[in-house]
Amino acid sequence: MEKLSKNNNVPTIDLSVFFRDGDEEAKKAVKEKVGRACTEYGCFMAKNHGISAELMSRAMQLCREFFDLEDEEKLKCSPIAAGPAWRIPAGYTKHPAHSPDKNEHLLMLAPQSGLNVLPNSPPGFKDAVEELFENFTKTGELILSILTDYMDFPPNFLKEFNQDRSWDWMNIKRYFPATEPDSVGISSHKDGNAITFVFQDDVGGLELLKDGRYIPIPPSPGTLVCNLGDIFQVLTNEKITSPLHRVVSPKGSSRYSFSFFYNMGGDKWIEPLPQFTTEIGEPPKYKGFMFKEYQALRIRNKTHPPYGESVDITHYAI
Ligand SMILES: O=C(O)CCC(=O)C(=O)O
Ligand SMILES: [Fe+2]
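Residues numbered from 1 in each chain as written. Chains lettered and ligands numbered in written order. Predicted model: local features only at pLDDT ≥ 70, side-chain atom pairs only at ≥ 80, totals over all residues.

(A) Structural context of the UniProt feature "domain: Fe2OG dioxygenase" (unreviewed entry) in the protein chain. This chain's UniProt record puts "domain: Fe2OG dioxygenase" (unreviewed entry) on residues 166-264. Helix makes up 6% of residues 166-264 and strand 45%, with an end-to-end C-alpha separation of 8 Å. (UniProt positions renumbered as here; feature names shortened; annotations may be inferred. Helix = DSSP H or I, 4+ residues; strand = E, 2+ residues; numbered from the N terminus.)

(B) The arrangement of the nonpolar core in detail. One finds Cys-43, Phe-44, Met-108, Phe-197, Val-225 and Cys-226 to be the most contacted residues of the largest nonpolar core, which totals 72 residues. Apart from the residues lying within four places of it in its own chain, the contact partners of Phe-44 are Val-10, Pro-11, Ile-13, Val-34, Ala-37, Cys-38 and Cys-226. (Core = buried A, V, L, I, M, F, W, Y, C linked by C-beta atoms within 7 Å. Buried ≥ 20, exposed ≤ 12 C-beta atoms within 10 Å, placed from the backbone. Contact = placed C-beta atoms within 7 Å.)

(C) The arrangement of the site of ligand 1 in detail. Surrounding ligand 1, one finds Asn-171, Lys-173, Ile-186, Asp-191, Thr-196, Val-198, Gln-200, Leu-206, His-245, Val-247, Ser-257 and Ser-259. Secondary-structure elements contributing two or more residues to the shell around ligand 1 are strand E5 (169-175), strand E7 (195-200), strand E11 (245-248) and strand E12 (255-262). Here the residues of the shell around ligand 1 are counted per class, giving four nonpolar, six polar and two charged. (Near = placed C-beta within 6 Å. Nonpolar A, V, L, I, M, F, W, Y, C, P; charged D, E, K, R; others polar.)

(D) Representation of the sheet that holds E11 within the structure. Spatially, the four strands line up as an open sheet ordered E6-E11-E8-E9, and their pairing is antiparallel. Among the strands making up the open sheet, the edge pair consists of strand E6 (184-189) and strand E9 (213-216). Direction aside, the axes of adjacent strands within the sheet are offset by 30° on average. In this structure, strand E8 (residues 206-210) lies alongside E9, joined through four bridges in antiparallel fashion. (Pairing = 2+ DSSP bridges. Axes fitted to C-alpha atoms, helices over the stretch in contact; angles between N-to-C directions.)

(E) Geometry of the sheet that holds E5. Strand order in the open sheet formed by eight strands is E1-E2-E10-E7-E12-E5-E4-E3, and the pairing between neighbours is mixed. In this open sheet, the two edge strands, each paired with only one partner strand, are strand E1 (12-14) and strand E3 (91-94). Across the sheet, the mean angle from the axis of one strand to that of its neighbour is 25°, orientation sign disregarded. Bridging between E1 and strand E2 (residues 43-47) involves three bridges; their strand directions are parallel. The partner of Thr-12 across the bridge, within E2, is Met-45. Contacts between helix H2 (residues 53-67) and the sheet are confined to strand E4 (103-109), E5, E7 and E12, with E12 contributing the most and set at about 115° to the helix.

(F) Highlighting the confidence of the model for the protein chain. Per-residue pLDDT for the protein chain averages 92, and the proportion of residues at 70 or more is 95%. Looking over the protein chain, one finds the lowest element-wise mean pLDDT in helix H7 (residues 291-303), namely 85, and the highest in strand E10 (residues 224-228), namely 98. At the level of chain-chain contacts, confidence expressed as ipTM amounts to 0.99, with global pTM at 0.95. (pLDDT = per-residue confidence, 0-100.)

(G) Local environment of the environment of Thr-12. Residue position: Thr-12 is located in strand E1. Judged by local crowding, Thr-12 falls into the partly exposed class, with 17 C-beta atoms found within 10 Å. Separated by 35 residues in the primary sequence, Thr-12 and Lys-47 have C-alpha atoms spaced 7.0 Å apart. If we skip the residues at most four places from it in the chain, Thr-12 touches Met-45, Lys-47 and Thr-223.

(H) Molecular detail of the environment of Pro-181. Mapped onto the secondary structure, Pro-181 falls in the loop between E5 and E6. On the neighbour-count criterion, Pro-181 (8 C-beta atoms within 10 Å) is exposed. In this structure, the C-alpha to C-alpha distance between Pro-181 and Pro-250, residues 69 residues apart in sequence, is 9.9 Å.

(I) Molecular detail of the pairing of E7. Counted residue by residue, E7 has six buried out of six residues, so it is predominantly covered. Residues Ile-195, Phe-197 and Phe-199 point to one face of E7 and Thr-196, Val-198 and Gln-200 to the other, with burial holding for every one of them. One ladder, built from four bridges, connects E7 with E10; its direction is antiparallel. What sits directly across from Thr-196, in E10, is Asn-227. Pairing analysis gives six bridges linking E7 to E12, with the strands arranged antiparallel. Residue pairing for E12: Phe-197 is matched across the bridge by Phe-260.

Structure (structure tokens):
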């Protein structure tokens, strides 16, 4: 079988075929590539994913302008309410000094939620991030449909399983320049959701653990990093594993990124599916849990002492 990528790098996959009619053979081949990347890396980079280059560069430019504002201005977007136990509150937060992670971020929920605290300045910022949010949602749906076919689920299985869009969020971040050689922008972690899309600027620093070593996920204009989260690891009983990844602090300049978290309905029960367990005689590797219960556990240790000691999916391992 042809290697997915040279040098063990995360493969880049062109999704343009899904935006035209017909060409079923080509679609099948791309689905195969996506599925293999997800099983081998838990991650791939997507080109021609349906989000316009114009929107991406406009949003990135406005994101820089937002974070360049004085703290006083940014703090006007501080979270209004503490938010529920399962979610980091919407709004602007700078990581406290004791945090190992050196970044500041603006967390955003669905535009229709009425829960966002978005700035009026720079002009156009709010419209751009709302448009980006809606676009990421569509990309999420596309990846679910690709994985449904690759995994041989009944048509629309994943779409129906993950139909509640009110739990998605987007985190817009600025990573501060490194102050010491091994400064951490975001410490090593796995994402606890279904799929994360990362759109990074040209600075670099995102790394993924593969076969015991961190490999860089280099920036590439217009490309989205698609990272599978713990939900897929549990549902597939580890046929797909969510990759450990981190961001090394940039040298000399700030780094900006958008991470969109395609989540699950909070009350959704997550457990290894029969197709990956009983039907093939494999014991389940995880106990079942409710999505919001897992999120609450993950967030608790980020906001309460002992900081940094994060609960991860091994919490439910059998
Ligand atoms: O900023 C990035 O490149 C990735 C951020 C990340 O891993 C996260 O927000 O979970
Ligand atoms: Fe992450």
